[in-house]
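Fold and contact review
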Amino acid sequence: MNALQVVWSQGDGVSRAVALLLLAMSVSAWVLIFWKTWVLQRARRDLGRIVPAFWDAPDLSAGQRLLAERDREAVLLPMLDAARAAPAGGSLAAGAQAQAQLTRRLRDALHGVLAQLQQGQVVLASIGATAPFIGLFGTVWGIYHALVGISASGSVSIDKVAGPVGEALIMTAAGLAVAIPAVLAYNLFGRWLGACEADLEGWAHDLRELFAPGAASADADEDR
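Numbering of residues starts from 1 in each chain and follows the order in which that chain's sequence is written. Reporting of local features is limited, given that this is a predicted model, to residues whose pLDDT is at least 70; pairs of side-chain atoms are given and counted only at 80 or more, and all residues count toward the totals for whole chains, interfaces and linings. Side-chain measures were taken over the full set of non-hydrogen atoms in the model, leaving aside hydrogen atoms and water.

Quick word on the nonpolar core
As a reminder, the rule being used: Here, nonpolar core refers to any group of buried Ala, Val, Leu, Ile, Met, Phe, Trp, Tyr and Cys residues whose side-chain atoms link them within 4.5 Å. Buried means the residue's accessible area, taken with a 1.4 Å probe over protein chains only, is under 20% of the maximum for its type, while exposed means over 50%, and partly exposed covers the values in between. Helix and strand labels come from DSSP, where a helix needs a run of H or I of at least four residues and a strand needs a run of E of at least two; each type is numbered from the N terminus. Throughout, a contact is declared for two residues whenever any of their heavy atoms are within 4.5 Å.
Among the nonpolar cores identified, the biggest contains 48 residues, and Leu76, Met79, Leu117, Leu200 and Trp203 are the most heavily contacted of them. Contributing elements (two or more residues each) for this core: α2 (13–55), α3 (60–70), α4 (77–84), α6 (98–117), α7 (121–153) and α9 (170–211). The element that contributes the greatest number of residues to this core is α9, accounting for 15 residues. Non-local contacts of leucine 200, meaning those with residues more than four positions away in its chain, are made with Leu47, Val75, Leu76, Met79, Leu110, Val113, Leu114 and Leu117.

As structure tokens, this is what we get:
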């Protein structure tokens, strides 16, 4: 902490701006890490528990009520709603074959759910990619600032150079400390998202088979 205080007190406006930027990036990364961990874990648990329960429901109405009650991150219900929806009359969508309409609605709903789950991934990737270079820029600027100060003092010795240069290198370490958690979290969330995407694609395929024209289950539900 003393080294950081020295860097802050002896740094100029550019050094302080870099330090504040790294602090803001670190806070943003950790907020996203905690939030996405919570969201993706809930979504994964819901996918594993609700889908089998849905297929055990006696009819579609009961299955839809089940999703409305237990689908906490709303990753399954939007696709069921899309499968049961009907395009407005007189539109291009209504003019397509029923099978094509169903496929398009499920595809759009799937893309929407995946976009919802992927929120924050771009920010984490950006932080992980840019934070080391921002820290490096802060180090280069700090070294330059320290050497200018040493040159102005007219006294050059190893102890006068090593101190300011060592303090400037803290900015590189700070950049790495910001980037490493963001990169690790991005890779971990990528694996979780891949698992969720596979489950959701299977869900979309099963719904397409259920609601396909001529499917017995869909016809029975429509008759009710």
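What about the confidence of the model for the chain?
Short version of the rule: Looking at any residue, its pLDDT shows the predictor's confidence there, from 0 to 100.
Confidence in the prediction for the chain averages 83 pLDDT; 79% of positions are at 70 or higher. Taken element by element, the chain is modelled with least confidence in helix α10 (residues 216–223), mean pLDDT 45, and with most confidence in α9, mean pLDDT 93. Note on residues 216–224: pLDDT is under 50 here. Beyond four places in sequence and across chains, it has nine contacts.

Regarding unusual backbone geometry
Although it is not a glycine, alanine 74 adopts a positive phi angle of roughly 50°. Locating alanine 74 in the fold gives a position in the loop between α3 and α4. Accessibility expressed as a relative area gives 33% for alanine 74, which makes it partly exposed.

So, the packing of aromatic side chains
The criterion, for reference: The criterion for an aromatic pair is that two Phe, Tyr or Trp rings (for Trp, the six-membered ring) have centres within 6.5 Å, with stacked assigned to planes under 30 degrees apart, edge-to-face to planes over 60 apart and tilted to the rest.
A full pass over the atoms with the stated rule returns six aromatic pairs. Here tryptophan 30 and phenylalanine 34 contribute two aromatic rings whose centre-to-centre distance is 5.8 Å and whose plane-to-plane angle is 35°, an arrangement assigned as tilted. Of this pair, tryptophan 30 and phenylalanine 34 are both found in helix α2, four residues apart, which corresponds to roughly one turn of the helix. Here tryptophan 30 falls in the partly exposed class, since its relative accessible area comes to 39%.

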